[in-house]
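Survey of secondary and tertiary structure
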Amino acid sequence: MNAILKREMNAYFDSPLGYVFIAVYYLFAGYFFLLYNLYGNSTDMRALFEMMFTVTLFLIPVLTMRLMSEDKKARTDQLLLMAPVSGTAIVAGKFLAALFVYLVAMAITLVQAAVLSQFALVEWSVVLGHFIGLFLLGSALTAIGIFISALTENQVIAAIGGFCTGFFLMLLDSVAGMITNTRLAGFVTDLSFQTHYKNFTYGLFNVADIVFYVSVAGLFLFLTVCAFEKRRFE
Amino acid sequence: MIEVSHVSKQYGSKIALADISFSVPGGQVLGLLGLNGAGKSTTMNILTGCLAATEGTVLIDGIDLAKEAKAAKRKIGYMPEIPPLYTDMLAEDFLGFVYELKGLKTGKKDAVGRVCERAGIDHVRKRMIRNLSKGYRQRVGLASAMLGEPKILILDEPTVGLDPTQIIEIRSLIAEIGKERTVILSSHILSEIQAVCERVIVLDQGKIVADDTPQNLENAIQSKDSYIALVEGEPSLVERALRALEHVKEVTRLNEEEPGVYSYRIRGREHVDIRREVFLALAGAGCPLLGTRSAHVTLEDVFLRLVGKKEGTTGRDEA
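Bear in mind that the values here come from a model prediction, so they are computed numbers and not experimental data. (Residues numbered from 1 in each chain as written. Chains lettered and ligands numbered in written order. Predicted model: local features only at pLDDT ≥ 70, side-chain atom pairs only at ≥ 80, totals over all residues. Heavy atoms only, no water.)

Quick look at the overall build of chain B
Here is the rule we go by: Under the scheme used here, helices are H or I runs from DSSP no shorter than 4 residues and strands are E runs no shorter than 2 residues, and both carry numbers assigned from the N terminus. Accessible surface area values rest on a Shrake-Rupley calculation with a 1.4 Å probe, where residue burial reflects the displayed protein chains alone. His is not counted here, nor are the chain ends, while Lys and Arg score as positive and Asp and Glu score as negative. Working definition for charges: the position is that of NZ of Lys, CZ of Arg, CG of Asp or CD of Glu.
What chain B contains, in helices and strands, is 11 helices and 14 strands. For chain B, the exposed surface amounts to about 14,600 Å²; the carbon and sulfur share of it is 49%. In chain B, which carries 42 positive and 44 negative side-chain charges, the distance between the mean positions of the two groups comes to 5 Å.

A look at the sheet that holds strand 1 (residues 2–11) of chain B
Through backbone hydrogen bonds, the strands of a sheet pair up, either in parallel or in antiparallel fashion. Residues and elements named next belong to chain B. Put simply, the rule reads: Two strands qualify as a pair provided DSSP detects at least 2 bridges between them.
Spatial ordering of the open sheet is given by 2-1-4-5, a layout of four strands whose pairing is antiparallel. Two strands bound the open sheet, and with one partner strand each, they are strand 2 (14–24) and strand 5 (63–64). Taken together, the two bridges between strand 4 (residues 55–60) and strand 5 define a ladder with antiparallel strand orientation. The residue of strand 5 that forms the bridge with L59 is D64.

Some words on the environment of V98 of chain B
Quick note on the threshold: Residue exposure (1.4 Å probe, protein chains only): buried if accessible area is under 20% of the type maximum, exposed if over 50%, otherwise partly exposed. It only takes one pair of heavy atoms within 4.5 Å for two residues to be counted as in contact.
Mapping V98 of chain B onto the fold places it in helix 3 (residues 91–101). Note on V98 of chain B: relative accessible area 2%, which makes it buried. Non-local contacts of V98 of chain B, meaning those with residues more than four positions away in its chain, are made with L79 of chain A together with S144 and L147 of chain B.

Description of helix 5 (residues 134–146) of chain B
Residues and elements named next belong to chain B. Going by this rule: Here the expected span of a helix is defined as 1.5 Å times the quantity of residues minus one.
Here helix 5 is 13 residues long and its end C-alpha atoms lie 18 Å apart, about the 18 Å a rise of 1.5 Å per residue gives. Counting buried residues in helix 5 gives 10 out of 13 residues, a clear majority hidden from the surface. Here helix 5 has its buried residues at G135, Q138, R139, V140, G141, L142, A143, S144, A145 and M146. Next to the buried residues of helix 5 lie strand 6 (76–79), helix 3, helix 4 (108–119), strand 7 (152–156) and helix 6 (164–178).

Thoughts on the confidence of the model for chain A
Worth spelling out the cut-off: Per-residue confidence from the predictor is given as pLDDT, running between 0 and 100.
The predicted model of chain A averages 89 in pLDDT, with 100% of residues at 70 or higher. Looking at the elements of chain A, mean pLDDT is at its lowest for helix 11 (residues 193–201) of chain A, recorded as 81, and at its highest for helix 6 (residues 87–106) of chain A, recorded as 94.

Structural notes on empty space enclosed by the protein
All names here are of chain A. Rules: In this analysis a 1.4 Å probe is tested at points of a 1 Å grid over the protein atoms alone, and where it fits but cannot get out there is a cavity; an open set with protein on both sides within 12 Å along at least five of seven lines is a pocket; lining residues have an atom within 4 Å of a point. Grid points are joined across faces, edges and corners, and a volume is the space filled by probe spheres set on the points. We call Asp, Glu, Lys and Arg charged. Ala, Val, Leu, Ile, Met, Phe, Trp, Tyr, Cys and Pro are nonpolar, and the rest, Gly among them, are polar.
In the structure shown here, the tally under the stated rule is one cavity of 30 Å³ or more. Together, L57, I60, P61, L141, I144, G145, I148, G162, T165, G166 and L169 line the largest cavity. Sorting the residues of the lining of the largest cavity by element identifies helix 3 (46–64), helix 8 (124–151) and helix 9 (155–178) as the ones contributing at least two each. Grouping the amino acids of the lining of the largest cavity by side-chain chemistry returns seven nonpolar, four polar and no charged.

With respect to the layout of surface pockets
To find the voids left in a structure, one rolls a probe of water-molecule size over its atoms. Roughly 590 Å³ of internal volume is contained in the largest pocket. Lining the largest pocket are 26 residues, and of these R75 and Q78 of chain A together with Y11, N45 and L51 of chain B sit closest to its centre. A total of four residues in the lining of the largest pocket trace back to one element, the largest contributor, which is helix 1 (residues 40–47) of chain B. For the lining of the largest pocket, a count of residues per class yields nine nonpolar, seven polar and 10 charged.

Regarding the interface of chain B and chain A
Worth spelling out the cut-off: Here, a salt bridge means any side-chain nitrogen of Lys or Arg that lies within 4 Å of a carboxyl oxygen of Asp or Glu. The term polar contact refers here to a pair of N or O atoms within 3.5 Å; inside protein, the definition further demands a hydrogen-donor-capable atom paired with an acceptor-capable atom, and it admits residues adjacent in sequence only when both atoms are side-chain atoms.
Contacts between the two partners involve 26 residues from chain B, matched on the other side by 21 residues from chain A. Linking chain B with chain A are two salt bridges. Applying the counting rule to chain B against chain A returns five residue pairs in polar contact (both at pLDDT 80 or more). Of all the secondary-structure elements, those providing two or more residues to the side of chain B that touches chain A are strand 1, helix 2 (69–73) and helix 3 of chain B. By residue number, the principal contributor to the side of chain B that touches chain A is helix 3 of chain B, which donates five residues.

Encoded structure:
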């Protein structure tokens, strides 16, 4: 797994992709920080983290689009298939590499909180809650992105698939609002990324929300391993 | 060393391999020969664990590949037809990555240095793979397969797309490696198999149609009753005269050697000397026999006969 992790990390930072991702993330985080905290004269970072939900939703596919599809297209998956490494270790290595880049990007929010703390009192426990929420959201979206990338050899299709999934996840709350059957509406709401994320932005540290994101990440990583291993039977 | 038992592979309704079995002892250089689509790459992909067999078992050094894939794969170095290379990496970084991927612990720097020297890529190891020529990429692929000095080396069409000098270099490298370990090599280039391999398995439509040494395969169908005759005259007249002979089994017109003079392969019935009969028949038909020589059967003829095509009707080796 370490070899894959190292290789993917190098691939991100030997090409402009890693830098562009981090730069765009910083750009949005910086803009919302300026708008809500500096101009808004507030140490409450809830609005910033709320806005970063949408940004994360649409930026993660850029990070994950090449992870599996590139190997399939360049046939380097053959190198991985013949190596004495399990499919789980391969997928985990790729997932952790993407997650690390994402972590570097979202670390800017901690820097912003540190800047605020120089001028006023910052509630670090709440900020940490926001941060964990955003990290869990990114983990789940990264897992979904890798899975979509494993289904195609075309990076553009993988990215578009990721954007569509993001858009669908955004609409899920609105869809739930249109459903008259209360049980079904409740079920759709339970699947909503936004609902589970909002609790973090309210400063609520709910175990169910953590379990939800961890489960989604686990499920899609498992599906990715299955999609990868399936190539042995094709 | 390698034991393949009743292995089959189906891609949907297409049968790529149909119940093949063979074993390869340690230290043997085995050639897999076959036309495109004969099942060579599928066999190799199954032997290396890249593909799962629909049925059958593969034992690598006594280890079941399906049950203990990791342990079995550690004994194999594989270079597919198109070497899987990360072209955005330096050659030595890529080999370092493969070293780690294989979980080797013998010392990365030394191991990479050794295979670079062996594969003749020492002077390009600091270059980006995407900037290397096809020949050097092939060598990087070979170097990555050799990393960790696996007991078994599997090479799928290792010389495809290379220029003649590179082909000779790669072949001598394979011959050298073959002195120490088991090598399985696939090719549809017959001269390559003949030059490097001690044993040949001929595959056709997913089945083994022959399994022997190149020499034995040639000897098996080398007929002592077969001749090449140079005859002047109308081909139809010549063929009619020859086919009318009791002991002549087969007549094949080959080439027009001179204006009006054609060469024919004449095959007689077993253990019958047909030369006199042929001479008299041609004299009777008014077609002078200008010369005869024994028909040497090449591995190409053997191969074409085994896969069901008429010998002498296609071009020579692609090399």
